[in-house]
Amino acid sequence: MKKRVFHPCGNFHENYADQLKIFETDYGRFFAAVGLIVLFGLAPFISSPYFLYILNSIGIAAIAAIGLNILIGYTGQISLGHGAFFGVGAYAAAFLAVQWDIPFLLSVPAAGLITALVGLIFGLPSSRLKGLYLTIATLAGQFIIEYVLVHWEDVTQGTMGITLPKANVFGLEISGDIPFFYVIFLALLVMLWLAVNLVRTKYGRAFIAIRDNDRAAEGMGIPIFPYKLLAFAISSFYAGVAGAIWAYYTVSITTEPFNLGLSVEYIAMVIIGGMGNMSGAIFGAIFITGLNELLRWAIDLMMNMGMVTQTGLNLAPLREFIFGLAIVLFILFEPRGIAEVWRIIRSSFRLWPFSY
Amino acid sequence: MDFFIQLVVNGLSVGFIYGISAMGFVMIFKSSSVLNFAHGELLAMGAYIFLVLVTWAELPVYAAFLLTMAACFSLGFIVERLFLRPLIGEPLIFVIMLTVGLAAMFKGLILLIWGGNLHTFPDFLPTWLSLSWGSVSVQPVYTLALVVGTTFLVLFGLFFKFSSQGIYMRSVADNQRAALSLGVNVKKVFALSWAIAALVAGMSGIILGIINGVNVHDLSAIGLKVFPVVILGGLDSIGGAIIGGLIIGLLETLTGGYISPSLRDVVPYIVLVFILMVKPYGLFGQVEIERV
């Protein structure tokens with residue numbers, strides 16, 4: 001029988017494979033398993049429809065945020081067009097489902113691939129340059145995609161929006177919050193598994209090398225531009241998949257939500273959750289989605305109590321201000337995000353009472 | 001033909017405004033190679049401060065203008081001190097993300113204080129500033145912009161070329177660590193460049209406010225339109241910003257006039273993508289050559 005690993009009291013890695021392990025201790029594996037059982041076995045049945053809706057939103061946001069984290073946290077490039085790529089995924093899935101009757105299981109990955117292709121078109125010009133030109137190109141992408149979504153009416157039906165058919169998996173019809181909960185979180189699990197393992201491969205290590213020092217990476221024989229482009233395509237793929245699932249979930253989609261504000265929201269998720277840490281993207285998605293709901297609730301409460309009577313004070317500006325403030329504070333005080341805070345809390349429990 | 005000439009004149013006027021708006025942006029990029037995503041909000045800050053001083057405090061225009069300039073200068077100083085100073089020496093990606101956060105924060109703040117409605121300045125420009133030849137006419141505000149813009153352009157050109165502070169700024173932009181080790185006071189350079197950039201932004205915000213009225217959504221959109229302008233002109237060239245602005249403005253009005261008004265706001269970004277493909281360092285930007 002394999003020796004169980006609980007709390008190593010030092011660094012006892014014997015080979016490189018040892019260092020690359022996802023779960024360092026069997027405790028970690030145990031808690032992950034328990035977490036999954038609670039998530040899939042318990043959570044959908046004990047939570048109210050409203051809370052389930054929040055959970056589903058978190059799941060979708062987390063998929064997109066993981067993609068952005070591969071780009072920002074691991075490759076060191078910023079995308080300001082993630083919201084638009086999310087929209088491309090949504091519209092691609094809608095188009096495939098409505099016009100060509102492509103089933104759910106095929107249209108979601110296909111939408112991801114289409115989004116990755118669109119991403120490549122905008123990534124290509126900037127990839128010739130060093131520095132953060134990709135940021136500027138994706139800013140352009142954001143505006144051009146928004147324009148195309150509104151004006152290419154043959155495909156997107158403009159401001160009218162598209163209504164999607166019900167999702168269908170192996171003859172089972174998926175509608176309502178609980179079935180979607182399973183679809184979303186299974187997708188999240190698969191995408192997370194892919195991302196975690198991607199980072200452990202040659203490609204992931206190349207991304208990290210480019211982030212840390214592009215000249216040194218080039219010196220070690222990593223072709224920088226193809227790898228940057230690859231990272232960008234992968235990140236767009238994630239956005240596309242998330243968008244596609246979101247389109248099926250909300251049933252009818254319009255062009256409005258995919259604006260620059262959404263892109264900034266995703267950036268906020270990655271920064272606040274923790275750059276360069278897979279759990280960070282999930283923490284970020286939870287934090288931002290939770291914050292959104294909390295603010296909505298607080299404003300409602302203040303309205304009811306009569307503290308806010310002025311109609312000018314509504315949700316959007318306050319939300320924008322708080323998001324900005326959160327980004328700024330996290331960068332200044334905890335640049336590695338909630339994931340790092342979580343690690344500190346965990347290790348202080350582990351080391352208690354000898355916390356040095 | 002008259003339509004065409006009027007479009008060209010309009011385009012050049014709008015473009016010059018874009019160029020002036022871009023100057024503050026280039027200023028920050030030149031001294032710290034930071035892409036400032038909060039530039040539009042700095043423009044808006046200037047416009048709103050001026051608005052308050054003119055309409056609420058009812059100060060005379062000259063006093064209000066000078067006070068706004070002073071306020072913007074201090075605002076740039078404070079922003080640098082509070083938010084950017086702690087990040088000196090950190091990777092650039094953090095600084096740029098910080099400006100994204102600052103942009104959201106300022107925009108939210110402005111919306112909370114002043115709301116999203118359109119405000120207008122009282123009309124204070126003398127009519128003798130307006131120019132006209134035949135059927136083509138230029139509004140007084142554009143003449144003002146031309147005068148102010150050219151003044152700032154010349155001042156900055158001289159500043160970067162000859163003053164020691166300007167040379168420090170260029171050295172910091174080129175290589176922060178090398179500049180630090182050669183005894184350049186990087187903190188001072190950053191503080192000064194943000195203060196000056198905020199001042200220029202405030203000034204362009206006022207001019208934009210005279211033209212379109214003051215609205216934070218419009219102004220922050222112009223802050224993003226600065227990107228095509230500076231990429232076209234070359235990220236680190238102040239003169240290039242003006243030329244880039246003129247070209248972008250011209251393209252915008254011509255597209256709006258002849259092709260479709262809705263395409264107008266997207267054309268700059270399409271140009272941006274093409275420029276990145278064809279001439280990535282812009283018309284006047286310095287081509288980076290890396291030696292190891």
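Note that the structure is a prediction, hence the values are computed from the model and not measured. Along each chain, residue indices are assigned from 1 in the same order as the chain's sequence is written. By the order in which they are written, chains take letters starting at A while ligands take numbers starting at 1. Reporting in this predicted model follows two pLDDT cut-offs: at least 70 for local features of residues, and 80 or more for side-chain atom pairs to be given and counted; totals over whole chains, interfaces and linings ignore these cut-offs and use all residues.

Chemist: Would you mind going over the overall build of chain A in detail, with residue names and values included?
Modeler: Here a helix means four or more residues in a row that DSSP labels H or I, a strand means two or more in a row labelled E, and each is numbered from the N terminus. When you go through chain A residue by residue, the secondary structure sums to 15 helices and four strands. Each of the three principal axes of chain A carries a C-alpha extent, and together these read 60 × 55 × 50 Å. Partly exposed residues are those falling between the two cut-offs: more than 12 but fewer than 20 other C-beta atoms within 10 Å of their own, whereas 20 or more means buried and 12 or fewer means exposed, with C-beta atoms placed from the backbone. Counting every position in chain A, which comprises 356 residues, the buried fraction comes to 43%. Once C-beta atoms are placed from the backbone, any two residues with those atoms within 7 Å are in contact. Considering only intrachain contacts with a sequence separation of at least 6, the fraction spanning at least 24 residues in chain A is 75%.

Chemist: Any details on the overall build of chain B? Residues and values, ideally.
Modeler: For chain B, the count of helices and strands is 11 helices and two strands. Secondary structure of chain B in N-to-C order comes out as α-α-α-α-β-β-α-α-α-α-α-α-α. In this treatment the radius of gyration is a C-alpha quantity, and the globule benchmark scales as 2.2 Å times the residue count to the 0.38 power. Taking 2.2 N^0.38 as the reference for a compact globule, 292 residues should give roughly 19 Å; the C-alpha atoms of chain B span a radius of gyration of 19 Å, in line with that estimate. In terms of principal-axis extent, the alpha carbons of chain B reach across some 60 × 50 × 35 Å. Residues classed as buried in chain B amount to 48% of the 292 residues present. In chain B, once contacts between residues fewer than 6 apart in sequence are set aside, the share between residues at least 24 apart is 75%.

Chemist: So what's going on with helix H11 (residues 224-250) of chain A? Residues and values would help.
Modeler: Expected span of a helix: the number of residues minus one, times 1.5 Å. With 27 residues, H11(A) extends 39 Å between its outermost C-alpha atoms, agreeing within 8% with the 39 Å of an ideal straight helix rising 1.5 Å per residue. Most of H11(A) is tucked away: 20 of the 27 residues are buried.

Chemist: Describe in detail the interface of chain A and chain B, supporting the description with residues and values.
Modeler: The interface is formed by 37 residues belonging to chain A together with 35 residues belonging to chain B. Contributions of two or more residues to the side of chain A that touches chain B are made by helix H5 (104-126), helix H6 (133-151), helix H12 (260-273) and helix H14 (315-333) of chain A. Counting residues per element, the side of chain A that touches chain B draws most heavily on H14(A), which supplies 11 residues. Tallied by class, the residues present in the side of chain A that touches chain B amount to 27 nonpolar, six polar and four charged. Lys, Arg, Asp and Glu make up the charged group, whereas Ala, Val, Leu, Ile, Met, Phe, Trp, Tyr, Cys and Pro make up the nonpolar group; the residues left over, Gly among them, are polar.

Chemist: Give a description of helix H13 (residues 278-305) of chain A that names residues and reports values.
Modeler: Residue and element names in this part refer to chain A. Over its 28 residues, H13 extends 41 Å from the first C-alpha to the last, a length consistent with the 40 Å expected when each residue adds 1.5 Å. Here H13 has its buried residues at Met 278, Gly 280, Ala 281, Ile 282, Phe 283, Gly 284, Ala 285, Ile 286, Ile 288 and Thr 289. Those residues of H13 that are buried are in contact with helix H3 (49-74), helix H8 (177-200), H12 and helix H15 (337-351).

Chemist: Kindly report on the packing of H6(A) against helix H11 (residues 267-278) of chain B, identifying the contributing residues and their values.
Modeler: Helix axes use the C-alpha atoms of the stretch in contact, all axes being lines fitted to C-alpha atoms, and the angles between their N-to-C directions lie in the range 0 to 180 degrees. Viewed as axis vectors pointing N to C, H6(A) and H11(B) meet at an angle of 145°, and their least axial separation amounts to 9 Å. In this structure, the crossing between H6(A) and H11(B) has a hand that is left-handed. Packed against H6(A), whose contacting residues are A:Tyr133, A:Ile136, A:Ala137, A:Ala140, A:Phe143 and A:Ile144, the element H11(B) presents B:Tyr269, B:Ile270, B:Leu272, B:Val273 and B:Leu276 at the interface. Residues of the contact of H6(A) with H11(B), tallied by class, amount to 11 nonpolar, no polar and no charged. Should the near helix be turned anticlockwise from the far one by less than a right angle, the crossing is termed left-handed; should it be turned clockwise, right-handed.

Chemist: Break down the environment of B:Pro122 for me, citing the residues and quoting the values.
Modeler: All names here are of chain B. Assignment of secondary structure puts Pro 122 in the loop between helix H4 (92-114) and strand S1 (131-133). By C-beta crowding, Pro 122 is classed as exposed, having 9 other C-beta atoms within 10 Å. Every residue in contact with Pro 122, bar those within four places of it in the chain, is listed here: Val 54 and Thr 55.

Chemist: Give me the lowdown on the environment of A:Ser175, citing residues and values where you can.
Modeler: Residue and element names in this part refer to chain A. Tracing the chain through its elements places Ser 175 in the loop between strand S3 (172-174) and H8. A count of 13 C-beta atoms within 10 Å places Ser 175 in the partly exposed class. For Ser 175 and Tyr 248, which are 73 residues apart along the polypeptide, the C-alpha to C-alpha distance reads 8.9 Å.

Chemist: Report on the confidence of the model for chain A, specifying residues and quantitative values.
Modeler: Confidence of the prediction at every residue is given by pLDDT, a number between 0 and 100. Overall, the prediction assigns chain A a mean pLDDT of 82, with 93% of residues at 70 or greater. Mean pLDDT across the elements of chain A ranges from a minimum in strand S2 (residues 167-169) of chain A, with 70, to a maximum in H11(A), with 89.

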